[in-house]
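# Examining the three-dimensional arrangement
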Amino acid sequence: MAMQVGSGQAGGRRGRRRRRHAPMSEINVTPFVDVMLVLLIIFMVAAPLLTVGVPIDLPETRAKALEGDTEPITISVNSAGEIFIQDTPITIEEIVPKLEAIAENGYEERIYVRGDQDADYGTMMRLMGRISAAGFKRLGLVTLEERDS
């Protein structure tokens with residue numbers, strides 16, 4: 001007749017340890033959703049600021065806006081006659097080589113020309129003539145929608 005002393009205590013401790021630290025099988029997605037909502041708000045606020053940054057006073061017209069899937073190539077002429085591709089200043093002689101390097105779809109790429117209301121008409125026509133002579137046929141003039149006064 002042997003007696004086991006303390007066997008109840010040792011077994012009890014092991015049993016408690018197993019029950020006390022059960023593995024957690026759930027993922028808490030609340031912090032992830034919070035971060036994603038903050039990023040969404042930041043991008044919603046920042047997106048309108050990412051448009052072409054050359055300040056130009058565009059003329060107004062009654063034409064409707066064109067629909068497009070990709071970001072177009074935009075050439076801007078300010079009132080001082082300076083020419084920009086997107087935000088980069090460029091001379092009129094460098095226009096054609098830069099456009100050929102930028103155009104993804106070759107000569108079928110749409111090119112938007114933004115001219116300041118006070119820009120020299122001759123500069124605008126020389127610019128459009130060079131673009132057209134280089135083989136780019138899909139030119140578009142960017143204007144503001146006319147407001148009833």
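In the annotation of an unreviewed UniProt entry, the entry for the protein reads Protein TolR, and the organism field reads Roseibium sediminicola. According to the UniProt record, the Sequence similarities (unreviewed entry) comment for the protein reads "Belongs to the ExbD/TolR family."

All right, on to unusual backbone geometry then. Most peptide bonds take the trans form, and the phi angle of most residues other than glycine is negative. Residues other than glycine seldom take positive phi values, yet Q86 does so here, at roughly 55°. By relative accessible area, Q86 is classed as partly exposed at 25%.

Let us look at the nonpolar core. I75, I83, I95, L99, L127 and I131 are the most contacted members of the largest nonpolar core, which totals 19 residues. Where this core is concerned, the elements lending two or more residues are strand 2 (73-77), strand 3 (83-85), helix 3 (95-102), strand 5 (111-115) and helix 4 (121-133). A total of four residues in this core trace back to one element, the largest contributor, which is helix 4. Those residues in contact with I83 that sit more than four places away from it in its chain are I75, S76, V77, T88, P89, I90, I92, I95 and L127.

Of all five residues in strand 2, five are buried, a share of seventy percent or more. Burial of strand 2 is two-sided: the residues I73, I75 and V77 facing one way and the residues T74 and S76 facing the other way are all buried. In this structure, strand 2 lies alongside strand 3, joined through three bridges in antiparallel fashion. In the strand pairing of strand 3, V77 is matched with I83. A loop of five residues connects strand 2 with strand 3, the two strands running antiparallel in sequence, and G81 in this loop sits at a positive phi of about 90°.

A few words now on the confidence of the model for the protein. Per-residue pLDDT for the protein averages 76, and the proportion of residues at 70 or more is 68%. Taking the mean pLDDT of every element in the protein, the minimum, 52, falls on helix 1 (residues 7-20) and the maximum, 90, on helix 2 (residues 30-46).

Moving on, we come to the sheet that holds strand 3. The strand order across the open sheet built from five strands is 4-3-2-5-6, with neighbouring strands paired in mixed fashion. Each of the sheet's edge strands pairs with one partner strand only, and the pair in question is strand 4 (88-90) and strand 6 (139-142). Taken over all neighbouring pairs, the strand axes of this sheet differ in orientation by 30° on average, direction set aside. Here strand 5 runs beside strand 6; their pairing, made up of four bridges, is parallel. Residue R114 lies in a different strand from strand 6, and its bridge partner there is V142. Here helix 3 sits on the sheet in contact with strand 2, strand 3, strand 4 and strand 5, set at roughly 15° to strand 3. Packed on one face of the sheet, helix 4 meets strand 2, strand 3, strand 5 and strand 6 and runs near 170° to strand 5.

Parameters and conventions
Residues numbered from 1 in each chain as written. Predicted model: local features only at pLDDT ≥ 70, side-chain atom pairs only at ≥ 80, totals over all residues. Heavy atoms only, no water. UniProt positions renumbered as here; feature names shortened; annotations may be inferred. Buried < 20%, exposed > 50% of the residue type's maximum accessible area, 1.4 Å probe, protein only. Core = buried A, V, L, I, M, F, W, Y, C linked by side-chain atoms within 4.5 Å. Helix = DSSP H or I, 4+ residues; strand = E, 2+ residues; numbered from the N terminus. Contact = heavy atoms within 4.5 Å. Pairing = 2+ DSSP bridges. pLDDT = per-residue confidence, 0-100. Axes fitted to C-alpha atoms, helices over the stretch in contact; angles between N-to-C directions.

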